[in-house]
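# Inside the fold
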Amino acid sequence: MPDSRLQQVTILGATGSIGVSTLDVIGRHPERYAVFALTACRQVDRMVEQCCRFGPRYAVMADADAAVQLRARLREAGCATEVLSGAAALAEVAADAEVDAVMAAIVGAAGLEPTLAAARAGKKILLANKEALVLSGRLFMDAVEASGACLLPIDSEHNAIFQSLPASYRRNPVASGVRRILLTASGGPFRKSAVEDLEYVTPDQACAHPNWVMGRKISVDSATMMNKGLEVIEAHWLFGAAADRIEVVIHPQSVIHSMVDYLDGSVIAQLGNPDMRTPIAHALAWPERIDSGVAALDLVEISQLTFERPDFDRFPCLALAYQALREGGAAPAVLSAANEEAVAAFLDGKLGYRRIGDVISATLERVGMMAVDSLEAVLAADANAREIARDQITKRAITR
Ligand code: NAD
Ligand code: MG
């Protein structure tokens, strides 16, 4: 029998940057948390280490060959974790009756179905996978509402906003006297580069984020500021705020993680060192507080906090995200799907950095109006957008 004092946690995307930070926090509190399941795509080595250390009941590899390898390696290591594979198993370990909390940290649309399964099963969801919410905003929020799931944001900005809102907040800024949500952005590695110099940016340059160490897809998104655009849409769904109430402020030090501006002129912010273990520990223990392993903030050492307005010409992806949010319907799903395709092509050396925005813009123009009121409709919009985006990528591909 599982120990009922322990919260059973499933980590979707355990081998990634967020997954590893989550296990770091969990490992500091064995009296509070046990790992029910870990999942990954195909990183067998890291999964072997994680299973040996945390002894989850299940390990799920999305990739079937990786599951075969993992099973053999765990048997050799004498680890009793049961290995499963495939999309259905991901959803099962997210919705299992024994699970209390699910860390949703798969990157991209691949995270949608298991995260939705956790929402439908009424779990405590620690949401890092912003693409899932951008793709299926209304569907996902309706599922959370219907099941009574507890949704806690992990994205540092949204976690900061959550902490800066009153506990009674119910997705209605006007009712709580909120004037604006101020979403901070570091501006990424190219904040000061001349736009023409970005033509030949390499994947490694784009992934060299000044403040955060993250997976490669979100690192490129941070460089283009599509990450902030996705976060504007994420904030819209999480906090019920219209596009006009969400303002992006560049803050290169990444110390203020976001702010809420109230009608009376009060601005409430959450500050901290840029380390994802803070929002992870906050959401894991909420409404209590636990040690995250993050060093205390030394404001005197940092000495200066500065702010700039974002330049929409330098960062066309940010403008495209606002445009998609205002358009509504399938547009945010199309934006996110086209972005995933364009970023993958860029990381693969097939598309120039500055063409990422062009591909997304061209895809948004070419996709017709579609309803996104069911999972099937969301997946269809996603597939349709990817097909158009791939065609646009081929037209702009780097030729050698
Ligand atoms: P990552 O690339 O480091 O890890 C991604 C994880 O997802 C890995 O465990 C990988 O095995 C798994 N995965 C990838 N493709 C999959 C597939 N098709 N099926 C099943 N599993 C798959 O990414 P990350 O930086 O940890 O980011 C994860 C999510 O959290 C993203 O949505 C990102 O936007 C969000 N996020 C990350 C950070 C950060 O600091 N890293 C901050 C805020 C939000
Ligand atoms: Mg963020």
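Residues numbered from 1 in each chain as written. Chains lettered and ligands numbered in written order. Predicted model: local features only at pLDDT ≥ 70, side-chain atom pairs only at ≥ 80, totals over all residues. Heavy atoms only, no water.

For the protein, the count of helices and strands is 16 helices and 11 strands. The C-alpha atoms of the protein give a radius of gyration of 21 Å, which matches the 21 Å a tight globule of 400 residues would have. A principal-axis box enclosing the C-alpha atoms of the protein has dimensions of 55 × 55 × 45 Å. Taken over 400 residues, the protein has a buried fraction of 55%. Long-range pairs, those at least 24 residues apart, make up 70% of the contacts in the protein with a sequence separation of at least 6. When the accessible area of the protein is evaluated, it comes to approximately 17200 Å², of which 50% is carbon and sulfur surface. The averaged location of the 49 negative side-chain charges in the protein is 1 Å from the averaged location of its 39 positive side-chain charges. (Helix = DSSP H or I, 4+ residues; strand = E, 2+ residues; numbered from the N terminus. Rg over C-alpha atoms; globule rule 2.2 N^0.38 Å. Buried < 20%, exposed > 50% of the residue type's maximum accessible area, 1.4 Å probe, protein only. Contact = heavy atoms within 4.5 Å. Areas by Shrake-Rupley, 256 points an atom, 1.4 Å probe, with all protein chains shown as cover. Lys, Arg positive; Asp, Glu negative; His and termini not counted. Charge placed at Lys NZ, Arg CZ, Asp CG, Glu CD.)

Taking 1.5 Å per residue as the helical rise, helix α6 (residues 130-147) with its 18 residues ought to reach 26 Å, whereas the 20 Å between its terminal C-alpha atoms falls clearly short. Within α6, 13 of the 18 residues are buried, which leaves it mostly tucked inside the rest of the structure. Of the residues flanking the end of α6, it is G148, one or two places downstream, whose phi is positive at about 75 degrees. (Expected span 1.5 Å × (residues − 1).)

What follows is about the domain arrangement of the protein. According to the domain assignment, the protein consists of domain 1 (7-153), domain 2 (156-196 + 206-315) and domain 3 (328-400). Here domain 1 and domain 3 have C-alpha centroids that lie 27 Å from each other. Each partner contributes residues to the interface: domain 1 has 10 residues there, and domain 3 has 11 residues. Of the roughly 850 Å² buried at the junction of domain 1 and domain 3 (both faces included), carbon and sulfur atoms supply 71%. Ranking the residues of domain 1 by area buried against domain 3 places V134, L135 and L139 at the top, with a combined share of 52%. The interface formed by domain 1 and domain 3 contains 1 residue pair in polar contact (both at pLDDT 80 or more). Counting only elements with at least two residues in the side of domain 1 that touches domain 3, the list comes to α5 (112-120) and α6. Residue composition of the side of domain 1 that touches domain 3, by class: 6 nonpolar, 2 polar and 2 charged. (Domains from an automatic or database assignment. Buried area = accessible area lost by both parts, 1.4 Å probe. Polar contact = N/O pair within 3.5 Å; in protein donor to acceptor, adjacent residues only side chain to side chain. Nonpolar A, V, L, I, M, F, W, Y, C, P; charged D, E, K, R; others polar.)

The subject of this paragraph is the coordination of the magnesium ion (ligand 2). The protein atoms that coordinate the magnesium ion (ligand 2) are D155 (OD), E157 (OE) and E231 (OE), at distances spanning 2.1 to 2.2 Å. Ordering the donors of the magnesium ion (ligand 2) by residue number gives the pattern D-x1-E-x73-E. Exposure remark for E157: the relative accessible area of 8% places this residue in the buried category. (Donors = N, O, S within 2.8 Å, 3.2 Å for Na, K, Ca; no water.)

Next up on the list: the pattern of salt bridges. Evaluation of the coordinates by the stated rule reveals 28 salt bridges. We note a salt bridge from E199 to R355, for which the minimum N-O separation is 2.7 Å. Here E199 is found in the loop between β8 (178-185) and α8 (203-207), whereas its partner R355 is found in helix α15 (residues 355-366), with 156 residues between them in sequence. Among the residues examined, E199 registers a relative accessible area of 25% and is labelled partly exposed. Overall, the relative accessible area of 24% leaves R355 in the partly exposed class. (Salt bridge = Lys/Arg side-chain N within 4 Å of Asp/Glu carboxyl O.)

Within the secondary structure, E341 is located in helix α14 (residues 331-347). Only 3.0 Å separates the side chain of E341 from the side chain of R386, close enough to count as a polar contact. In this view, E341 contacts R386, A389, R390 and I393; residues no more than four positions away in its chain are not counted.

What follows is about the environment of D65. Within the element layout of this structure, D65 appears in helix α3 (residues 64-77). In this structure the C-alpha to C-alpha distance between D65 and S85, which are 20 residues apart in sequence, comes to 8.9 Å.

With that settled, consider the packing of α5 against helix α16 (residues 375-396). Look at α5 against α16: their axes get within 12 Å of each other, and the N-to-C directions meet at 160 degrees. The pairing of α5 with α16 is recorded here as roughly antiparallel in orientation. Here the hand of the crossing between α5 and α16 comes out right-handed. Seen from α5, the contacting residues are L112, E113 and L116; seen from α16, they are L375, V378 and L379. Here the residues of the contact of α5 with α16 are counted per class, giving 5 nonpolar, no polar and 1 charged. (Axes fitted to C-alpha atoms, helices over the stretch in contact; angles between N-to-C directions. Parallel < 35°, antiparallel > 145°, perpendicular 65-115°, else oblique. Left-handed = near helix turned anticlockwise from the far one by under 90°.)

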